[in-house]
Amino acid sequence: MTRRSWIGWQFVAPFLAVFALVFLAPIAYSAYLSLYRTKLIGGTSFVGAQNYTKALHDPQFWSAVGRVSLFLIVQVPIMLLLALLIALAIDSGRLYGAAFFRISIFLPYAVPAVVATLMWGFMYGSQFGLIRNLNEWFGVTLPDPLAPNLVLAAIGNITTWEFVGYNMIILYAALRVVDPSLYEAAAIDGAGQFRIIRAIKLPALRGPLLITTMFSIIGSFQLFTEPVVLRTIAPNAILTYFTPNYYAWQLSVGGQQFNYSATVAVVMGLLTMLVAYLVQARAVRKAV
Amino acid sequence: MRMTRRRALLGAAMSLTLLAAGCGSSDDGTDSTPAKTTVSDADVEAALQAGGNLTVWAWEPTLTKVVADFQIKYPKVKVNLIKNGSGNDQYTALQNAIKAGTGVPDVAQIEYYALSQFALSKAVTDLNTFGAKSLDGTFTPGPWSSVHAGDKIYGLPMDSGPMALFYNKEVFDKYGIAIPKTWEDYAAAAAKLHQANPKAWITSDSGDAGFTTSMIWQAGGRPYKVDGTTVSINFADPGTQKWTGLWQGLIDKKLLAPIPGWSDAWYKGLGDGTIASLVIGAWMPPNLESGVKAASGKWRVAPMPQWAAGEKVTSENGGSSLAVTEASQNKTLAYGFMKYATVAEGAQSRTDEGAFPATTAQINADAFKNKEFPYLGGQKANEVLAEAAANVAPGWSYLPFQVFANSVYNDSVGKAYTGGGTLQDGLKGWQDASTKYGQEQGFTIQ
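Analysis parameters
Residues numbered from 1 in each chain as written. Chains lettered and ligands numbered in written order. Predicted model: local features only at pLDDT ≥ 70, side-chain atom pairs only at ≥ 80, totals over all residues. Heavy atoms only, no water. Helix = DSSP H or I, 4+ residues; strand = E, 2+ residues; numbered from the N terminus. Rg over C-alpha atoms; globule rule 2.2 N^0.38 Å. Buried < 20%, exposed > 50% of the residue type's maximum accessible area, 1.4 Å probe, protein only. Contact = heavy atoms within 4.5 Å. Lys, Arg positive; Asp, Glu negative; His and termini not counted. Charge placed at Lys NZ, Arg CZ, Asp CG, Glu CD. UniProt positions renumbered as here; feature names shortened; annotations may be inferred. Salt bridge = Lys/Arg side-chain N within 4 Å of Asp/Glu carboxyl O. Pairing = 2+ DSSP bridges. Axes fitted to C-alpha atoms, helices over the stretch in contact; angles between N-to-C directions. Buried area = accessible area lost by both parts, 1.4 Å probe. Polar contact = N/O pair within 3.5 Å; in protein donor to acceptor, adjacent residues only side chain to side chain. Core = buried A, V, L, I, M, F, W, Y, C linked by side-chain atoms within 4.5 Å. Domains from an automatic or database assignment. Nonpolar A, V, L, I, M, F, W, Y, C, P; charged D, E, K, R; others polar. Parallel < 35°, antiparallel > 145°, perpendicular 65-115°, else oblique.

Draft legend 1. The arrangement of the overall build of chain B in detail. Of the regular secondary structure elements, chain B holds 20 helices and 15 strands. Computed over C-alpha atoms, the radius of gyration of chain B comes to 22 Å, within 12% of the 22 Å expected from 2.2 N^0.38 for 446 residues, which places it in the range of a compact globule. Dimensions along the principal axes, computed over C-alpha positions, put chain B at roughly 65 × 50 × 50 Å. In chain B, which comprises 446 residues, the share counted as buried stands at 55%. By sequence separation, contacts in chain B at least 24 residues apart represent 76% of the contacts at least 6 residues apart. In chain B, the 38 positive side-chain charges and the 41 negative ones have mean positions that sit 6 Å from each other.

What follows is the structure in structure tokens.
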């Protein structure tokens with residue numbers, strides 16, 4: 001009996017080793033780091049939960065959390081709604097060139113985030129970019145998308161462009177596995193397209209929508225690449241504590257505060273888990 | 001990308017793991033006795049002849065030729081010159097490598113403002129070990145004092161950045177603008193130019209810590225006072241207010257191009273007349289030549305505008321040293337390379353390539369002063385720049401954590417450029433952020 005159980009462990013051992021090395025170890029090490037403080041003058045000392053107390057009262061950290069929360073509340077519903085509409089349109093079978101549509105909407109997902117942001121950055125430029133050209137062609141003065149009050153929306157636009165296709169593919173794949181005989185039965189019963197969407201397609205999408213919502217929540221809280229790249233052309237609109245990840249990064253690379261940076265990362269990880277859990281719990285309760 | 005983001009976070013977590021090796025040192029870096037000389041010039045020469053591998057992190061373009069020449073002279077030495085981004089990008093990479101304990105270069109280019117931070121964290125080595133003291137008088141006084149912390153010497157000056165006014169003569173001539181002699185003239189020129197052509201600005205600025213500190217330096221402000229680990233920060237002094245008064249006026253009248261320095265748009269603007277002048281360090285010519293080819297022949301150099309007519313006060317802007325890292329396994333060889341690059345043949349070769357030297361021999365040579373710059377329309381620009389080097393105002397010091405301070409500059413002062421406050425308010429915010437950081441790091445802030 002013991003022999004058999006060991007064979008099982010041997011099969012999963014390679015996975016467990018890699019999992020422990022690249023996943024558990026960094027988390028444990030971050031947690032360990034967060035209990036210490038290193039000063040330029042005075043060296044390293046154990047400070048217990050002090051870094052956590054500091055994080056809970058750190059206005060810069062909470063401003064970053066507030067910003068990604070706003071981003072989450074506004075950008076994620078817009079993106080998922082768009083993805084849903086496109087998936088339904090492609091699945092309806094009434095769209096000419098559906099395959100082309102599907103690929104071209106998915107394509108931005110294949111563009112690396114850095115490249116996508118650089119590209120949009122050029123378009124957003126009011127000195128040398130597309131905005132300047134538009135202003136000149138039409139004799140107008142468009143608001144600067146890289147101004148402090150608009151830059152979050154500008155980033156939302158970039159991420160929507162990047163991820164609509166990705167979410168659309170997940171939803172579309174779920175629609176493809178619906179048994180066509182259900183549609184035939186509904187048609188025989190005299191149901192129109194919108195009735196079919198409401199009674200058959202949307203219920204079939206409940207699971208995939210939950211998954212895409214989860215991915216999007218995590219993605220929003222981890223917002224990092226786009227602000228970092230845009231900061232070179234909008235240094236005054238994107239602060240060093242623009243998003244929690246940006247803040248953690250700045251703390252370690254700009255300020256050499258590795259311990260506090262680890263604390264911020266741990267707190268943000270817990271917060272993300274909490275929000276994801278609440279959303280899932282709510283979705284499951286509704287489903288029952 | 002969702003996946004990329006997750007991967008990036010994982011990468012960050014892994015690099016945190018790597019930091020383990022470097023933690024645990026509790027040396028506070030306050031000991032001020034310089035190291036004894038244990039390595040003689042003959043030892044250095046022997047190391048150069050014996051050869052070995054050196055890794056050098058630097059972004060200064062003229063070093064490429066120095067490295068090639070060096071390897072011809074010392075064929076047994078193999079130098080790996082790596083450009084890891086310029087300024088802060090490289091410091092980030094360097095600090096990470098030092099924390100990780102692997103991949104640390106032997107020699108690194110470090111700007112004067114950042115050197116004390118690296119010295120304090122024991123990242124770079126005291127060159128007294130190699131008898132660097134004997135180089136007294138080899139370098140011009142400003143840069144030479146910039147590499148000192150007390151009696152310790154943490155780098156060899158590579159170049160220097162006394163400030164001057166670089167201007168696009170074609171644009172100035174077209175709109176009938178005379179070279180501004182005072183800051184008052186400069187503000188008037190800014191208004192005249194922008195009125196004549198709303199798509200042209202006297203200069204660009206969207207908040208640059210290095211520029212601001214250099215401007216305050218020239219205006220007589222001394223916001224930082226550093227005495228060992230006791231630091232005071234005060235941006236309310238009259239010198240600072242003199243500069244903010246001038247600059248706030250330019251911002252309020254929208255006379256500064258809102259183009260961030262060193263961005264693609266900035267290079268383009270320097271080339272097409274959108275940005276008509278720059279007040280910047282004397283190391284600028286090679287950067288113009290390589291980055292703004294379109295404007296070859298159009299730019300000229302003039303002395304930095306003054307606060308009172310007839311004065312000749314300048315300040316330093318940037319300028320770098322080469323330093324040997326504490327982690328280097330080959331310090332003697334590294335010092336040999338540095339000496340070659342900053343004092344011996346390298347200093348001459350870099351000067352010939354257009355860099356602005358920090359060595360008295362090069363700066364006083366007739367060939368240097370009489371050199372004509374084809375890019376600057378044949379102007380003998382070094383006459384202007386050498387005079388600027390001789391007139392740098394004394395008594396300035398940077399914070400021992402200036403790299404951090406500069407990295408958060410735009411968080412507070414940036415608001416002045418986007419219409420959310422004044423420069424003076426922004427500088428107060430910057431002062432508070434720097435004070436808070438200094439206290440957290442164990443400095444005594446007065």
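Here the narrative resumes, following the displayed structure.
Draft legend 2. Representation of the UniProt feature "transmembrane region" (unreviewed entry) in chain A. Residues and elements named next belong to chain A. When the UniProt feature table is mapped to this numbering, "transmembrane region" (unreviewed entry) covers residues 12-32, 68-88, 100-123, 150-175, 204-224 and 258-279. Secondary structure content for residues 12-32 is 100% helix and 0% strand, and the end C-alpha separation is 27 Å. The span residues 204-224 is 81% helical and 0% strand by assignment, and the distance between its end C-alpha atoms comes to 33 Å.

Draft legend 3. Representation of the pattern of salt bridges. With the rule as written, the count across this model stands at 17 salt bridges over all chains. Across the salt bridge formed by Glu136 of chain A and Arg132 of chain A, the nearest N and O atoms sit 3.0 Å from each other. Pair noted here: Glu136 of chain A and Arg132 of chain A are both in helix α6 (residues 130-138), with a separation of four residues, about one helical turn. Among the residues examined, Arg132 of chain A registers a relative accessible area of 22% and is labelled partly exposed. Here Lys436 of chain B and Glu440 of chain B are joined by a salt bridge, their closest N and O atoms 3.7 Å apart. With a gap of four residues between them, Lys436 of chain B and Glu440 of chain B both fall in helix α20 (residues 423-440), about one helical turn apart. According to the relative accessible area criterion, Lys436 of chain B is partly exposed, its value standing at 49%. Because the salt bridges share partners, they merge into one network encompassing Lys54 of chain A together with Lys436 and Glu440 of chain B.

Draft legend 4. Here's a closer look at the UniProt feature "domain: ABC transmembrane type-1" (unreviewed entry) in chain A. Per the UniProt record, the feature "domain: ABC transmembrane type-1" (unreviewed entry) sits at residues 65-279 of chain A. Between the C-alpha atoms that bound residues 65-279 of chain A there is a distance of 17 Å. The span itself is 74% helix and 0% strand.

Draft legend 5. Local environment of the sheet that holds strand β13 (residues 299-303) of chain B. All names here are of chain B. Strand order in the open sheet made by the three strands is β12-β7-β13, with antiparallel pairing throughout. Taken across any chain shown, the strands that pair with only one partner, and hence form the sheet edges, are β12 (277-281) and β13. Here the average twist between neighbouring strands, direction ignored, is 30 degrees. For strand β7 (residues 163-168) and β13, the ladder comprises five bridges, and the chain directions are antiparallel. Bridge pairing links Asn168 to Trp299 in β13.

Draft legend 6. Highlighting the interface of chain A and chain B. The partner chain B presents 53 residues to the 54 residues of chain A that form the contact. For the pair chain A and chain B, the summed buried area comes to about 4,500 Å², and 59% of that belongs to carbon and sulfur atoms. Broken down residue by residue, the surface that chain A buries against chain B is led by Leu40, Ile41 and Phe128 of chain A, which jointly contribute 18%. Along the contact surface separating chain A from chain B lie three salt bridges. For Lys199 of chain B, the salt bridge identified is with Glu136 of chain A, shortest N-O distance 3.6 Å. Run the count over chain A and chain B and you get 10 residue pairs in polar contact (both at pLDDT 80 or more). Among the elements that take part in the side of chain A that touches chain B, helix α1 (residues 2-33) of chain A stands out by supplying five residues, more than any other.

Draft legend 7. Up close: the nonpolar core. Among the nonpolar cores identified, the biggest contains 110 residues, and Ile110, Leu127, Trp247, Val279, Tyr335, Phe337 and Trp430 of chain B are the most heavily contacted of them. A domain-level breakdown of this core finds at least three residues from each of domain 1 (30-160 + 318-364) and domain 2 (163-315 + 393-445) of chain B. Formed by 54 residues, the second largest nonpolar core is a distinct cluster that contains Val65, Ala83, Leu152 and Leu205 of chain A.

Draft legend 8. Layout of the domain arrangement of chain B. All names here are of chain B. When cut into domains, chain B gives domain 1 (30-160 + 318-364) and domain 2 (163-315 + 393-445). Relative placement of domain 1 and domain 2: their C-alpha centres are 28 Å apart. Between domain 1 and domain 2, roughly 1,300 Å² of surface is buried when both sides are summed, and carbon and sulfur atoms account for 63% of that area. Taken as a group, Tyr113, Gln117 and Leu120 account for 40% of the area that domain 1 buries against domain 2, more than any other trio of residues on that side. Run the count over domain 1 and domain 2 and you get zero salt bridges. Where domain 1 packs against domain 2, one counts one residue pair in polar contact (both at pLDDT 80 or more). Among the secondary structure elements, those contributing two or more residues to the side of domain 1 that touches domain 2 are α4 (88-100) and α5 (112-120). Take the side of domain 1 that touches domain 2: its biggest share by element is five residues, from α5. Its residues assigned to classes, the side of domain 1 that touches domain 2 shows six nonpolar, eight polar and two charged.

Draft legend 9. Spotlight on the side chain of Ser434 of chain B. Residue and element names in this part refer to chain B. Structurally, the position occupied by Ser434 is in helix α20. The class for Ser434 is buried, based on a relative accessible area of 1%. When neighbours within four sequence positions are excluded, Ser434 is seen to be in contact with Ile233, Leu399, Phe401 and Ala405.

Draft legend 10. Highlighting the packing of helix α2 (residues 41-50) of chain B against helix α13 (residues 331-342) of chain B. Residues and elements named next belong to chain B. Close contact between α2 and α13 brings their axes to 8 Å; oriented N to C, the two are set at 95 degrees. In this view, α2 runs roughly perpendicular relative to α13, as classed from their interaxial angle. Across the interface between the two elements, Asp41, Asp43, Val44, Ala47 and Leu48 of α2 pack against Thr332, Leu333, Tyr335, Gly336, Phe337 and Lys339 of α13.

Draft legend 11. Representation of the sheet that holds strand β3 (residues 107-111) of chain B. Residue and element names in this part refer to chain B. One open sheet holds the five strands; their spatial order is β2-β1-β3-β14-β6, and the pairing between them is mixed. Two strands lie at the open edges of the sheet, namely β2 (77-82) and β6 (156-157), each paired on one side alone. Running over the sheet, α4 touches β1 (52-57) and β3 and is turned about 130 degrees from β3.

Draft legend 12. Up close: the environment of Phe139 of chain B. Residues and elements named next belong to chain B. Here Phe139 shows up in the loop between α5 and α6 (141-146). Once the C-alpha coordinates of Phe139 and Ser397 are considered, the two residues, 258 residues apart in sequence, prove to be 19 Å apart. With sequence-adjacent residues up to four places away left out, Phe139 is seen in contact with Trp144, Leu156, Pro157, Thr342, Val343, Ala358, Thr359 and Thr360.

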